[in-house]
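Chain residues, written in single-letter form:
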Amino acid sequence: MSDQPPPRVRVTGPPRRRADVVRSAGTREIDAETALGEVFMRSLLREQLVLALRVLAALALTVGLLPVAFHLLPGLGEVRIGPVPLAWLLLGVLTYPWLVVLGWVYIRRAESNERDFADLVGTVLPEDEA
């Protein structure tokens with residue numbers, strides 16, 4: 001008798017067939033890299049870029065201008081709210097919730113843009129069906 005275990009055998013099931021995926025005409029246009037597909041993709045990328053620039057502008061106009069405000073109005077550096085200086089409160093405490101809010105708004109709008117894009121692409125009919 002041998003002390004070695006029997007060789008391992010890989011057990012597999014019958015080959016699986018993938019369900020045929022029904023793709024919309026707009027999706028086929030994008031995959032085929034046609035002119036219409038490029039227009040679709042450019043419109044989505046443009047929307048997402050505009051959204052990103054708006055969020056960055058909101059960040060720059062709020063948090064980015066705080067150092068300028070403290071430079072132009074030196075009296076703000078001595079303002080205290082309780083035992084905490086205003087600068088610490090604004091830059092060290094309130095900045096982080098504001099970043100979370102901006103991130104939340106960005107994600108919600110980006111997902112909305114993608115849903116709108118998917119709806120648009122799903123409603124396009126090919127020329128021979130139109």
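Quantities reported herein were computed from a predicted structural model and do not represent experimental measurements.

### Focus on the nonpolar core
Listed in full, the five residues of the largest apolar core are Ile30, Phe40, Leu44, Phe117 and Val121. Elements represented by at least two residues in this core include exactly α2 (35–62) and α4 (86–123).

### Thoughts on the packing of aromatic side chains
Enumeration according to the criterion identifies one aromatic pair in this entry. Between Phe40 and Phe117, the ring centres sit 6.4 Å apart and the planes meet at 85°, which makes this aromatic pair edge-to-face. With Phe40 in helix α2 and Phe117 in helix α4, this residue pair connects regions lying 77 residues apart in the sequence.

### Focus on the pattern of salt bridges
This structure, assessed with the given rule, holds one salt bridge. Notably, a salt bridge pairs Arg42 with Glu38, separated by 3.9 Å at the nearest N-O pair. Of the two residues, Arg42 and Glu38 both sit in helix α2, four residues apart, roughly one turn of that helix.

### Remarks on α2
In this model, α2 (28 residues) spans 41 Å end to end at C-alpha, consistent with the 40 Å of a helix rising 1.5 Å per residue. Within the sequence span of α2, burial applies to Gly37, Phe40, Leu44, Gln48, Leu51 and Val55.

### Comments concerning α4
The periodicity of an α-helix, 3.6 residues per turn, causes residues three or four positions apart to be oriented the same way. With 38 residues, α4 should cover 56 Å at 1.5 Å per step; its first-to-last C-alpha distance of 53 Å lies within 8% of that length. Maximum bend of α4: about 45°, positioned at Leu94, with proline Pro97 one to four residues after it. The complete set of buried residues in α4 reads Leu86, Ala87, Thr95, Leu102, Ala110, Ser112, Asn113, Phe117 and Val121.

### Side note on the side chain of Thr95
Among the structural elements, Thr95 can be located in helix α4. A polar contact is formed between the side chain of Thr95 and the backbone oxygen of Leu90, at a distance of 2.7 Å. At 3.3 Å, the side chain of Thr95 forms a polar contact with the backbone oxygen of Leu91. With sequence-adjacent residues up to four places away left out, Thr95 is seen in contact with Val63 and Leu90.

### With respect to a nonpolar patch on the surface
Residues Leu61, Leu65, Val68, Leu72 and Leu73 make up a contiguous nonpolar surface patch of roughly 500 Å² in combined accessible area. As for its placement among the helices and strands, Leu72 is situated in helix α3 (residues 66–72). On the basis of relative accessible area, Leu72 is assigned to the exposed category, the value being 62%.

How each quantity is defined
- Residues numbered from 1 in each chain as written.
- Predicted model: local features only at pLDDT ≥ 70, side-chain atom pairs only at ≥ 80, totals over all residues.
- Heavy atoms only, no water.
- Core = buried A, V, L, I, M, F, W, Y, C linked by side-chain atoms within 4.5 Å.
- Buried < 20%, exposed > 50% of the residue type's maximum accessible area, 1.4 Å probe, protein only.
- Helix = DSSP H or I, 4+ residues; strand = E, 2+ residues; numbered from the N terminus.
- Phe/Tyr/Trp six-rings, centres within 6.5 Å; stacked < 30°, edge-to-face > 60°.
- Salt bridge = Lys/Arg side-chain N within 4 Å of Asp/Glu carboxyl O.
- Expected span 1.5 Å × (residues − 1).
- Bend = angle between axes of the 7 residues up to and from the residue.
- Polar contact = N/O pair within 3.5 Å; in protein donor to acceptor, adjacent residues only side chain to side chain.
- Contact = heavy atoms within 4.5 Å.
- Patch = residues over 30% accessible without salt bridge, like charges linked within 9 Å, V, L, I, M, F, W, Y side chains within 5 Å.
- Areas by Shrake-Rupley, 256 points an atom, 1.4 Å probe, with all protein chains shown as cover.

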